[in-house]
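Structure at a glance
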Amino acid sequence: MVNDSWLEYMPQATIIHLPSVGSDHCPLLMEMNARRDDHIKYFKFLNYWADQPNFLDIVQACWDRELEGNNMWRFHQKIKRLACTLSAWSKGEFGDIFIKVNEYENRVKLAEELFIQTNTEENRTTLHELNADYIRFLKLEESILKQNTQLQWFKEGDSNTKYFHSLIRGRMRRLFIHRILREDGEWIQGDEIIEKEARDHFQHIFTREDKFINEEPLDCIPKMLNQEHNAMLTVMPTNEELKEVIFSMNPNSAAGPDGMNGYFFQKCWQIIKHDLFDVILAFFSFVKGRSISENIMLAQEIIHQIKKPNIGSNMVIKLDMAKAYDRVSWSYTCLVLRKIGFDEVFTDMVWRIMANNWYSLIVNGKRYGFFQSTRGLKQGDPLSPALFILGAEVLSRSLNRLHSNPDYHGFFMERRGPQVNHLSFADDIIIFTSGRKNVS
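Residues numbered from 1 in each chain as written. Predicted model: local features only at pLDDT ≥ 70, side-chain atom pairs only at ≥ 80, totals over all residues. Heavy atoms only, no water.

**Topic: the packing of helix H9 (residues 239-247) against helix H11 (residues 269-279)**
Two elements in contact, H9 and H11, have axes whose closest approach is 11 Å; the angle formed by their N-to-C orientations is 120 degrees. Considering their axes alone, H9 and H11 lie oblique with respect to each other. Two packed elements cross with a definite hand, and for H9 against H11 that hand is right-handed. When H9 is examined against H11, the residues Asn 239, Leu 242, Lys 243, Ile 246 and Phe 247 are found in contact with a partner set consisting of Trp 269, Lys 273, Leu 276 and Phe 277. Across the contact of H9 with H11, the residue classes tally to six nonpolar, one polar and two charged. (Axes fitted to C-alpha atoms, helices over the stretch in contact; angles between N-to-C directions. Helix = DSSP H or I, 4+ residues; strand = E, 2+ residues; numbered from the N terminus. Parallel < 35°, antiparallel > 145°, perpendicular 65-115°, else oblique. Left-handed = near helix turned anticlockwise from the far one by under 90°. Contact = heavy atoms within 4.5 Å. Nonpolar A, V, L, I, M, F, W, Y, C, P; charged D, E, K, R; others polar.)

Below you can see the structure in the form of C-alpha cells.
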C-alpha cells in the first residue's frame, strides 16, 4: 500500500486489523497522526566530539573552574556544567549535522554544474573545498547514526545507503509505542495515558508493603566472614583499580541519566580522574562456586534417573521466580548480610546503593517524571547478581536441610552418589523430590 518514501514522512502511521462482521475479510483501519516533536531534547554525549582537535581543551577549561560543596555534589555539578558547555560548543561549531549534510549536498550539485559549464581554476577549487566539507559532515552523520542505532555490523560508508536508512526507520517504527493492552484486556493509546498506566504498573512492582520479616528461615545461614574479610571489603580502591574499571567499560554503551557514556570517561580520564576518585568508594568480593554450565550437566544426569523404580515415583519441579530482581526486599537483603557476617559498615554501604534508586519513564522519546522504588535490585548493576545470590542462598540451604528430616523422601538416586534435591540457575530453581506420601 505504501513505499519507503511515504513511511519516511509518515513514520507514526499504524494499521489495525478490525474484527470481521458479516464478511470473511477483516477491514483495515489506518491511522495517520502527525506528532509534534516539541518535547525536551536531553543532553547526550556524541562520540565524534572527542575526535575534534580542540575538544580536550574545552573540557579542561570547563572542568577546572572551581565549585564549592562536597565531592559528590561538585562532581555532579561539573558534569552538568560540562554538558551545557559541550552543547553550546557543538551548536556553534557544527550546527545540525543532518541539515548541514543536505545543505552541502545541494551546494556540491550546484558547484558541479557550474564547473561543467565554466571550467575555471576558481570553480575547481570551490568544488573541491565543498566536497571536502561535504565528506566531513557525512562522516559526522555516520558517527551519530552508528551511535544512536547501536548497529556495529555495517562497514564504513554503509550508513549513507538507502538500505541502511530504511533499517533505521524500520527500527524507529518498531520501537514506537502506539498503544498498550491493559490487564483487563482494554487497549489504550496516547502518550500521557500510556505513561500513567506504565507508571502505575512499575510503581506496583517496585514498591513493597511494610510487612514483618520472619527471621526464622535465616537460621540455616551460618556466619562465614570474620573481621579480616570485612576489613578487605571496605578498603579504599586505588587510582589504578579505578582506571581499570573505567577502561573496561563498553565505550559504545548507552549513556546514563547525565548523558555521559563510557567513551567520555575514557577520553577525558586524565582530566576527571582526581574528582572521580574522590567520589568513588568501591569494594570487590569474589566467591568461588559451582558454575551454571556444571549445574546444567548435573541436571541432565539426574533426570536420566527419573524412570528408575521408586516408591511414589520421582518428581521434578521447576520454579521460575517472576520479576525476581524487581521484588527483592532491601531489609531482607540486609538481614542476610548480617547473618553471613558482613559488618555494619559494609551493610550500610550496600543499603545506600540499593535505596538510592529512582526511575523515570520514557514514552516515545519523552520523559515523564520520577518515582522512587522501595524494593528491587538495579538491572545492570554489577553488585545486583551477588546480592540476589546471597538472598537465594537462604532458600537453597533450607532445601538442603530437608535431608535431615525423617519424613522427607527425596529423589531416588544412586546410594553411593551425592544426594541432590535441587539445582539453581540464576533466578530459576529445579527441585528433585519424590511423590511418595508419608503414611502414619
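**Concerning the pattern of salt bridges**
Tallying each qualifying case throughout the model produces 12 salt bridges. Among the ionic pairs, Asp 275 bridges to Lys 78, the shortest N-O distance being 3.6 Å. Highlighted residues: Asp 275 in helix H11 and Lys 78 in helix H3 (residues 71-93), separated in sequence by 197 residues. You'll find Asp 275 and Lys 78 in the same group, each marked buried. The closest approach of N and O atoms between Glu 344 and Arg 338, which form a salt bridge, is 2.8 Å. A relative accessible area of 47% places Glu 344 in the partly exposed class. Where salt bridges share partners, they join Arg 74, Lys 78 and Asp 275 into one cluster. (Salt bridge = Lys/Arg side-chain N within 4 Å of Asp/Glu carboxyl O. Buried < 20%, exposed > 50% of the residue type's maximum accessible area, 1.4 Å probe, protein only.)

**So, the environment of Phe 43**
The topology assignment puts Phe 43 in the loop between strand E2 (28-31) and helix H2 (55-63). Taking the C-alpha atoms as reference, Phe 43 lies 5.5 Å from Gly 259; in sequence the two are 216 residues apart.

**Some points on empty space enclosed by the protein**
A complete count under the given rule lists one cavity of 30 Å³ or more for this structure. Considering only enclosed or pocket space, the largest cavity measures out at about 60 Å³ in volume. Here the lining of the largest cavity is built from residues that sort into five nonpolar, three polar and two charged. (1 Å grid on protein atoms, 1.4 Å probe; cavity = no way out; pocket = protein on both sides within 12 Å on 5 of 7 lines; lining within 4 Å. Points joined across faces, edges and corners; volume = space filled by probe spheres on them.)

**Looking at the packing of aromatic side chains**
Counting across every chain of the model gives 17 aromatic pairs. Considering the side-chain rings of Tyr 48 and Phe 94, the 5.3 Å spacing of their centres and the 80 degrees angle between planes classify their relative orientation as edge-to-face. Residue Tyr 48 is located in the loop between E2 and H2, and its partner Phe 94 is located in the loop between H3 and helix H4 (97-117); the two are separated by 46 residues in the primary sequence. The interplanar angle of 20 degrees and the centroid separation of 5.3 Å between the aromatic rings of Tyr 104 and Phe 137 together place this pair among those described as stacked. You can see Tyr 104 sitting in helix H4 and its partner Phe 137 sitting in helix H5 (residues 121-149), a full 33 residues away along the chain. For the pair formed by Tyr 104 and Phe 137, the shared burial category is buried. Members of the aromatic cluster, each reached through a chain of ring pairs, are Phe 43, Phe 45, Tyr 48, Trp 49, Phe 55, Trp 89, Phe 94, Phe 264 and Phe 265. (Phe/Tyr/Trp six-rings, centres within 6.5 Å; stacked < 30°, edge-to-face > 60°.)

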